[in-house]
Amino acid sequence: MNMTIADTYEIAMGRWSRRLSRSFLDFVAAPSCGALVDVGCGTGSLTLAAATRYPKAEIVGIDLMSDYMTDALRSSAPNVRFETGDASALPFADDSFDTAFSQLLLNDLDGPAGAVGEMVRVTRANGRIAATVWDRIGGLTFIRLFLDVAALIAEGEGEELRARVFDVPYQNEDDLFDLWSDAGLEDVATTTLAVRMDFIDFDDYWQSLMGAHSLIRDFFARQPAEIAHEIQQATMRAYLGGKPDGRRSLVASALAVRGMVPA
């Protein structure tokens, strides 16, 4: 079966980002009407959750990767439209929105501070700016399980992979607080949100893992057959935990921040 980029993302992370969206929107507490923009909307998890929660709002989802925006996504909600654009150069006029938020984007950008500045620019005074990032080091258990195995078996290359995946700009709530404060936002608050990642069996876990991060997928594909087999088998033993294959539920946490645009 030929899978699209959107299909791969949904299997790897989309199902979890949909769960995260609900808790994130509780934290954002955006007004129930007005104009909202989801920056880096991907396959629309947060955009559509906001559309359901705020049926009277006008919501825009924007992402640089147009391949995420399937025809079904574009026609999924009457109060939503999707556009292609760069988070660091949003194609909107100043003061266009009442709320700007972003889910799981900032740690994947070369210039996250620039994207935050753009969110502030397009949001009206007293509007809300909010974002989440995965807590990769301490809170993304399903990736950590594999990375620790890879670091032990593949030694130097595995350790380098673990360091690269964990080497992100914002690793705790204080980092996000400082980013929001430096952007001039007021009433800044942070929190940690948790969701459960439920896997049907090890194959489901493995498929999700290989689609979750290109560095992980590329690393595994480069390994000699014997090393790749050893890594997969050791990861499976860690997943199984001495019990028969089947459902497992792993907790994942995300760091969240919100603030207000000064009047």
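Residues numbered from 1 in each chain as written. Predicted model: local features only at pLDDT ≥ 70, side-chain atom pairs only at ≥ 80, totals over all residues. Heavy atoms only, no water.

*Asks:* Tell me about the side chain of D38, residues and numbers included.
*Replies:* Structurally, D38 can be placed in strand 1 (residues 33–39). One buried charged residue, D38, forms no salt bridge at all, with the nearest opposite charge on R18 at 12 Å. A polar side-chain atom of D38 sits 2.6 Å from a polar atom in the side chain of T47. Among residues more than four places away in sequence, those in contact with D38 are L46, T47, V60, G61, I62, F101, S102 and Q103. (Helix = DSSP H or I, 4+ residues; strand = E, 2+ residues; numbered from the N terminus. Buried < 20%, exposed > 50% of the residue type's maximum accessible area, 1.4 Å probe, protein only. Lys, Arg positive; Asp, Glu negative; His and termini not counted. Salt bridge = Lys/Arg side-chain N within 4 Å of Asp/Glu carboxyl O. Polar contact = N/O pair within 3.5 Å; in protein donor to acceptor, adjacent residues only side chain to side chain. Contact = heavy atoms within 4.5 Å.)

*Asks:* Describe the packing of aromatic side chains, with residues and values.
*Replies:* Tallying each qualifying case throughout the model produces 13 aromatic pairs. Pairing F142 with F199 gives two aromatic rings, centres 5.9 Å apart and planes at 35°, and the pair type is tilted. Of this pair, F142 sits in helix 6 (residues 141–153) while F199 sits in strand 6 (residues 186–199), placing them 57 residues apart in sequence. The exposure class assigned to F142 is buried, which follows from its relative accessible area of 0%. On the basis of an interplanar angle of 85° and a centroid distance of 6.2 Å, the ring pair of F142 and Y205 is categorised as edge-to-face. Here F142, found in helix 6, pairs with Y205, found in helix 9 (residues 202–212); they are 63 residues apart in sequence, far enough to count as distant. Each member of the pair, F142 as well as Y205, carries the same accessibility label: buried. What links up through ring pairs into an aromatic cluster is the set W16, F142, F146, F199, F202, Y205, W206, F219, F220 and Y239. (Phe/Tyr/Trp six-rings, centres within 6.5 Å; stacked < 30°, edge-to-face > 60°.)

*Asks:* How would you sum up the pairing of strand 7 (residues 248–260)? Please name residues and give values.
*Replies:* Inspection of the sheet shows strand 5 (residues 123–134) paired to strand 7 by 7 bridges, in the antiparallel sense. Looking at the pairing, V133 lines up with L255 of strand 7. The pairing of strand 6 with strand 7 spans 12 bridges and is antiparallel. Paired with D198 across the strands is S249, a residue of strand 7. (Pairing = 2+ DSSP bridges.)

*Asks:* Now, about unusual backbone geometry: what can you tell me, with residues and values included?
*Replies:* Phi is positive for D95, which is not a glycine, with a value near 60°. Within the fold, D95 resides in the loop between strand 3 (80–84) and strand 4 (97–103). For E155, which is not glycine, the phi dihedral falls at a positive 50°. Structurally, the position occupied by E155 is in helix 7 (residues 155–166).

*Asks:* Could you give me a rundown of the side chain of T99, with the residues and numbers involved?
*Replies:* You can see T99 is positioned in strand 4. Here T99 is in contact with V28, A30, P31, A35, L36, V37, T123 and R128, once residues within four sequence places are set aside.

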